Amino acid sequence: QQRRRRHRRQMILICLFSAQKERKRMLTEKDLLPFVSHEEYRKTLQNIIHTGTEAIATDGRILIAIPSDEQRETRQIARMCELNIQLAFSEGERCGKKWAKIPDFPHSSQKDCPECDGTGKAVSCDCCDGEGELELDHDWQDRNHEWHYDHYTVECSVCDGTGTRNELKGSICQECNGTGKVDDDIGIDFGFAIFSNWLLEKIIKLPGCEMQPAGRLSGTPIRGDGWRGVIMPRREQETDIKIAWPE
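Chains are numbered independently. Their residues run from 1 in the order of the written sequence. In view of the model being predicted, local features appear only for residues whose pLDDT reaches at least 70, and side-chain atom pairs are presented and counted only at 80 or more, with totals across whole chains, interfaces and linings using the full set of residues. Values shown for side chains rest on all heavy atoms present in the structure; no hydrogens or waters enter the calculation.

### Thoughts on a nonpolar patch on the surface
Exposure above 30% relative accessible area and the absence of a salt bridge qualify a residue for a patch, where like charges join within 9 Å and nonpolar side chains (Val, Leu, Ile, Met, Phe, Trp, Tyr) within 5 Å. Accessible areas in this description were obtained via Shrake-Rupley with a 1.4 Å probe; residue shielding takes into account the shown protein chains only. Note on definitions: salt bridges are taken to be side-chain nitrogens of Lys or Arg within 4 Å of carboxyl oxygens of Asp or Glu. A cluster of nonpolar side chains, L136, Y152 and V154, forms an exposed patch at the surface whose accessible area comes to about 220 Å². Helix and strand definitions here come from DSSP, where helices need a minimum of 4 consecutive H or I residues and strands a minimum of 2 consecutive E residues; each element is numbered from the N-terminal end. As for its placement among the helices and strands, V154 is situated in strand β6 (residues 147-155).

### Topic: helix α3 (residues 76-95)
By this rule the span expected of a helix is its residue count minus one, scaled by 1.5 Å. Here α3 spans 29 Å end to end across 20 residues, near enough to the 28 Å set by a 1.5 Å rise per residue. Relative accessibility under 20% of the residue-type maximum defines a buried residue, over 50% an exposed one, and the middle range a partly exposed one, all with a 1.4 Å probe and only protein chains included. When we look at burial in α3, the residues that qualify are I77, A78, C81, E82, I85, A88, F89, E91 and G92. One or two steps after α3, the chain reaches G96, where phi turns positive at roughly 75 degrees.

### Description of the packing of aromatic side chains
Here a Phe, Tyr or Trp ring, Trp counted by its six-membered ring, pairs with any other such ring whose centre lies within 6.5 Å, and the pair is stacked when the planes are under 30 degrees apart, edge-to-face when over 60, and tilted otherwise. This structure, assessed with the given rule, holds 6 aromatic pairs. Between F190 and F195 the ring centres are 6.2 Å apart and the planes differ by 45 degrees, which places this aromatic pair in the tilted class. This pair shows no difference in class: F190 is buried, exactly as F195 is. Geometrically, a lysine NZ or arginine CZ counts as sitting over a ring once it is within 6 Å of the ring centre and also within 35 degrees of the ring normal. The positively charged end of R223 is found above the aromatic ring belonging to W99, 4.1 Å away from the centroid. The cationic tip of R228 hangs over the ring face of F89; the distance from NZ or CZ to the ring centre is 5.8 Å.

### Re the sheet that holds strand β3 (residues 62-67)
As summarised here, the arrangement of the 6 strands in space is β1-β2-β3-β14-β13-β12, forming an open sheet in which the pairing is antiparallel. If you trace the sheet from one side to the other, it starts and ends with β1 (49-50) and β12 (210-211), each paired once. Pairing of β1 with strand β2 (residues 54-58) involves 2 bridges; the strand directions are antiparallel. Bridge assignment links H50 to a residue of β2, and that residue is A55. Strand pairing follows a simple DSSP-based rule, namely that at least 2 bridges must link the two strands.

### A few points about a negative patch on the surface
A cluster of like negative charges, contributed by D129, E131, E133, E135, D137, D139, D150, E155 and D160, occupies part of the molecular surface. Every element with two or more residues in the negative patch is listed here: β5 (133-141) and β6. Ranked by residue count, the leading element in the negative patch is β5, at 4 residues. Its location among the elements puts D129 in the loop between β4 (110-112) and β5. The exposure class of D129 is exposed, given its relative accessible area of 62%. His residues and chain termini do not enter the charge count, which takes Lys and Arg as positive and Asp and Glu as negative. Throughout, a charge is located at the NZ atom of Lys, the CZ atom of Arg, the CG atom of Asp or the CD atom of Glu.

### Observations concerning the nonpolar core
Counting residues in each nonpolar core, the largest one holds 30 residues, and the members touching the most others are I64, I102, F190, L200, I203, M211 and I231. Elements represented by at least two residues in this core include exactly β2, β3, α4 (197-203) and β14 (227-231). Whether two residues touch is decided by their heavy atoms; if any such pair falls within 4.5 Å, the residues are in contact. Setting aside anything within four residues of it in sequence, one finds I102 in contact with F190, L200, I203, I204, C209, M211 and W245. Listed in part, the 13 residues of the second largest apolar core include L45, I56, A78 and A88. Here, nonpolar core refers to any group of buried Ala, Val, Leu, Ile, Met, Phe, Trp, Tyr and Cys residues whose side-chain atoms link them within 4.5 Å.

Below is the structure:
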């Protein structure tokens, strides 16, 4: 009888372990935060967007959406996100190729930031020599054929008057956020489109990630357990690495 009880307990534990193993992890809005934009010029993408049926995070390169019944936002960006998803998935269906896991690819390594030469500091603007202003001279002739000479200063349009070409908070490089290092961007050519390896690294961490081939320069549909999205390809470069897509 004790042997039967022990066997029964073992079977229950095995069933519980199997059920837990098969249970799929669902994304939450907290999981979306790494996909919002952190770039100053993309303020509209710095927060999670709600469409009424989905919560969406995007930085313009990757878009991730999960189910959400939070009230729809009136911002036009919500509708644009919905359209981007619809267009990408329609293009995937039109191409007619199957969904597949993303094959192994070379991951990115870090290199010195080209903007600050690895210093992490803001670099003087080449156009105004760090002054933030440009001095201009202007000669002109009036109706009486008399010449006039004007000397004035204007704000440098290259650095917006900051005096640095990569300023962020006054002293650190915007490109590397002051670290002096950036990811080495390698293009992965799957035949139907080319993707930056550091973007692929972000999405393969999501549960059940799959991709469906689409157009070479159109948004490519991606999906997983309880989420869907779009990843943007990039243009061809000499450093691209070709990797065969699963047939």
